[in-house]
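One-letter residues, chain by chain:
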Amino acid sequence: MPNLNLADLSSEIEANVRRALAEDIGSGDITAQLIPAERLASARVITREDAVICGTAWVDAVFRQLDPRVAVHWQVQDGDRVHADQTLFTLEGPARALLSGERSALNFLQTLSAVATRCRQYADLVEGTQVKLLDTRKTLPGLRLAQKYAVTCGGCHNHRIGLFDAFLIKENHIAACGGIAQAISAAHQIAPGKPVEVEVESLEELREALEAGADIVMLDELSLEDMREAVKLTAGRAKLEASGGINDSTLRVIAETGVDYISLGTLTKDVKAVDLSMRLAL
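Chains are numbered independently. Their residues run from 1 in the order of the written sequence. Local features in this predicted model are restricted to residues of pLDDT 70 or higher, and side-chain atom pairs are both shown and tallied only at a pLDDT of 80 or more, whereas totals for entire chains, interfaces and linings draw on every residue. In computing side-chain values, all of the structure's heavy atoms are included and hydrogens and water are not.

## Quick notes on helix H3 (residues 95-125)
Phase 1 of the analysis: Put simply, DSSP H or I for four residues or longer makes a helix, DSSP E for two residues or longer makes a strand, and each gets a number counted from the N terminus. Multiplying one less than the number of residues by 1.5 Å gives the expected span of a helix. A rise of 1.5 Å per residue sets the reference length of H3, with its 31 residues, at 45 Å; its end C-alpha atoms lie 44 Å apart and thus fit the reference within 8%.
Phase 2 of the analysis: Consider a residue and the seven residues that end there alongside the seven that start there; fitting an axis to each set, the bend is the angle between those axes. Approximately 45° is the largest bend angle found in H3, and it occurs at glutamate 102.
Phase 3 of the analysis: Among the 31 residues that make up H3, 22 are buried, leaving the element largely enclosed by the rest of the structure. Each residue's exposure class comes from its accessible area (1.4 Å probe, protein chains only) as a fraction of the maximum for that residue type: buried when under 20%, exposed when over 50%, partly exposed otherwise.

## Side note on the sheet that holds strand S1 (residues 40-47)
Phase 1 of the analysis: Between any two strands, pairing holds if DSSP finds at least two bridges. Strands sit in the order S3-S5-S1-S12 across an open sheet of four strands; the sheet is antiparallel. The open sheet has two edge strands, strand S3 (71-74) and strand S12 (276-281), and neither has a second partner. Strand after strand, the sheet turns through a mean of 20° between neighbouring axes, direction not considered.
Phase 2 of the analysis: Pairing analysis gives four bridges linking S3 to strand S5 (residues 87-94), with the strands arranged antiparallel. Counterpart to tryptophan 74 in the pairing with S5 is phenylalanine 89.
Phase 3 of the analysis: Across the face of the sheet, helix H2 (residues 56-66) comes into contact with S3 and S5 while running at roughly 165° to S3.
Phase 4 of the analysis: Any two residues having at least one pair of non-hydrogen atoms within 4.5 Å are treated as being in contact. Here the axes come from fitting lines to C-alpha atoms, over the contacting stretch only for helices, and the angles between their N-to-C directions go from 0 to 180 degrees. Contacts from H3 reach S1, S3, S5 and S12, with the element oriented near 150° to S5.

## A look at the sheet that holds strand S6 (residues 132-134)
Phase 1 of the analysis: Reading across the sheet, the six strands line up as S6-S11-S10-S9-S8-S7 and stay open at both edges, with parallel pairing between neighbours. A single partner strand is all that each edge strand has here, and the edge strands are S6 and strand S7 (167-169). Between one strand axis and the next, the sheet turns through 25° on average, direction left out of account.
Phase 2 of the analysis: Of the strand pairs in this sheet, S7 and strand S8 (residues 196-200) are connected by three bridges, and their pairing is parallel. Directly across from isoleucine 169, in S8, lies its bridge partner valine 198.
Phase 3 of the analysis: Against the sheet, helix H6 (residues 180-190) touches S7 and S8, its axis set at about 165° to S8.
Phase 4 of the analysis: Strands strand S9 (216-220) and strand S10 (239-243) of the sheet are contacted by helix H8 (residues 224-234), whose axis makes an angle of about 165° with S10.

## Focus: the pattern of salt bridges
Phase 1 of the analysis: Note on definitions: salt bridges are taken to be side-chain nitrogens of Lys or Arg within 4 Å of carboxyl oxygens of Asp or Glu. Applying the stated criterion across every chain yields a total of eight salt bridges.
Phase 2 of the analysis: The residue lysine 148 makes a salt bridge to aspartate 135 at a minimum N-O spacing of 2.6 Å. One end of the pair, lysine 148, is in helix H4 (residues 144-153); the other, aspartate 135, is in the loop between S6 and H4, and 13 residues separate them in sequence.
Phase 3 of the analysis: Its relative accessible area of 0% is what places lysine 148 among the buried residues.

## Describing the packing of H2 against H3
Phase 1 of the analysis: Across the interface, H2 lies against H3 with an axial gap of 8 Å and an inter-helix angle of 160°. One element, H2, and the other, H3, form an angle in the roughly antiparallel class. The element H2 and its partner H3 pack so that their crossing is right-handed. Taken together, the residues of H3 that come into contact with H2 (itself represented by Thr56, Trp58, Val59, Val62, Phe63 and Leu66) are Ala97, Leu98, Ser100, Gly101, Glu102, Ser104, Ala105, Phe108, Leu109 and Leu112. Any angle that falls under 35 degrees is termed roughly parallel, while one over 145 is termed roughly antiparallel, one within 65 to 115 roughly perpendicular, and all others oblique. Crossing chirality is assigned from the near helix's rotation relative to the far helix, an anticlockwise turn below a right angle marking it left-handed and a clockwise turn marking it right-handed.

## With respect to the domain arrangement of the protein
Phase 1 of the analysis: Domain segmentation is taken from an automatic or database assignment of domains. Domains assigned within the protein are domain 1 (6-121 + 271-281) and domain 2 (157-263).
Phase 2 of the analysis: Distance between the C-alpha centres of domain 1 and domain 2: 39 Å.

## Digging into the pairing of S10
Phase 1 of the analysis: The buried count for S10 comes to four of five residues, which makes it a mostly enclosed element.
Phase 2 of the analysis: As defined by bridge partners, S9 adjoins S10 across five bridges and the pair is classed as parallel. Residue pairing for S10: leucine 219 is matched across the bridge by alanine 242.
Phase 3 of the analysis: You can see the chain leave S9, run along H8 and come back into S10, and the turn it takes is right-handed.
Phase 4 of the analysis: One ladder, built from two bridges, connects S10 with strand S11 (residues 261-263); its direction is parallel. The residue bridging alanine 242 from the neighbouring strand is isoleucine 262, located in S11. A crossover counts as right-handed when, viewed with the strands pointing away from the observer, the path leading from the first strand over the helix to the second turns clockwise.

Dropping the structure here:
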């Protein structure tokens, strides 16, 4: 699948931010009302740890929607590696808006930067190989496109966006259709031109998938020996994707088998928010 482009996410970003602000502010930020409406302030946002940054457009949208008088001055951009105590951006504008937007802005930035940071760590582990690391659908509800964009900022790649843009035929689909060949044939009839991927658990099933014309074959928890054999058997007739039970200690050796892709739910699912802090000055 092609990677998401930030330019295509404008409406998604605005919608993400509207929901976040409505959730957090509701009928109004009563604490911010303690501050005179005319009071101006500045603020500085720092990271307390090393990270790869993602989410600048979401931060911009938070303050734009709250009060267009707020000026956001970035010192980094998406994809940049940053170090502990580094300033990421500064703010100038009405103090109420700065304080009301702080949590939503940092929530987006810390979460998306966490994904980008994890992806960069994994991409570095396979540097020098030809493999592409793919994300999955294991994303936060409502933030799939945001997280998948963050994946690209960390040097990894997007798999299908959802259930609508490509087939991924798994064990239960195969059983319901009566076999691998039948499932692939039905997919070609239902949506000609859509990529068809099928999950297999053995070399015999791989042969069936290749004969039936699969575009991509997912090798589900095959041994390293079988993966190497699968690359030889496939000989370029389809793309091969390794999946299941893969971690940072096995990633490199799997990449070196010659598979085209490795998919990892951990890129978006098992991440820890980057520790950020905003410091206000009146």
